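# Summary of the model geometry
Next come the chains, spelled out residue by residue.
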Amino acid sequence: VVNAIASALSPIIQSAVKSAVDELKAELTAVKKEVENQQLVIASQAAEIADLRRHCNSLETYSQLDNLIIHGIPESYAEIANGAQSDHASTPASSSNTTCDHQFLEFTNNVLKVNVKTTDICSVHRLPKKLSNAPRPVIVRFNNRKLRAEVFAARKMLRGNDNHKFYINEDLTVHASKLFTECRKIYRDKQIASTWSWNGQIYLKTLD
């Protein structure tokens, strides 16, 4: 009797199981397709975000091409006082800009031996003070990009014994600055021959 019942129910059970399995397979296929579509959407969005970041970085780089940052120019008493007042402000004090202009022009004309006039620069001011006893860096925006490149190229004049305290850097974007920091690390580890920045871009030379 048991065998007869089993034989009678077996086709029904097999059909029900097959139907359930086919239904599950169809659902799994639909879910898999949906996941694949979502992955394509995410990949497309990630690519779009990466393109937007590159575009924003390019715009930021272009907007900062006229700038240079000079480290080591001493501060006057007025600048130090104004700097102390601006430490708690959102923007740096600008009341000592005339003194800062004069100091920058003296630096370029006497140290770098590059003839820079007041009309060649758009603005000069000190950057906010950092946790250091060194003078605040000076950021300069040039009206003449060719002259800016000449000043930047003249930094080789700073290799003398008396000028080792001065440094001239480009005004890099956050992305380029981080990249340059990493390049300098692997340069110090002697994994590359040299690294430098030019027009907001980071370059390196391999050992070979």
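It should be noted that the structure appears before, not after, this text.
All of the points below concern the structure found in this document. (Residues numbered from 1 in each chain as written. Predicted model: local features only at pLDDT ≥ 70, side-chain atom pairs only at ≥ 80, totals over all residues. Heavy atoms only, no water.)

### Things to note about the side chain of T108
Secondary-structure assignment places T108 in helix α3 (residues 97-111). Take T108: its relative accessible area is 0%, and that puts it in the buried class. In terms of polar contacts, T108 uses its side chain to reach the backbone carbonyl oxygen of L105, at 3.0 Å. When residues no more than four places from it in sequence are discounted, the contact partners of T108 are K113, V114, V116 and V151. (Helix = DSSP H or I, 4+ residues; strand = E, 2+ residues; numbered from the N terminus. Buried < 20%, exposed > 50% of the residue type's maximum accessible area, 1.4 Å probe, protein only. Polar contact = N/O pair within 3.5 Å; in protein donor to acceptor, adjacent residues only side chain to side chain. Contact = heavy atoms within 4.5 Å.)

### Some thoughts on the side chain of T61
Looking at where T61 falls in the secondary structure, it is placed in helix α1 (residues 2-63). What makes T61 buried here is its relative accessible area of 8%. Polar contacts involving the side chain of T61 include one to the main-chain carbonyl oxygen of N57, which spans 2.7 Å. Aside from chain neighbours lying at most four places away, what touches T61 is T173, N199, G200 and Q201.

### As for the pairing of strand β3 (residues 138-142)
Of all five residues that make up β3, four are buried, and the element is covered over most of its length. Where strand β1 (residues 67-71) and β3 come together, four bridges link them in antiparallel fashion. By the bridge assignment for β3, I69 is matched with I139. Bridging between strand β2 (residues 121-126) and β3 involves five bridges; their strand directions are antiparallel. Within β3, the position partnered with H125 by the bridge is I139. (Pairing = 2+ DSSP bridges.)

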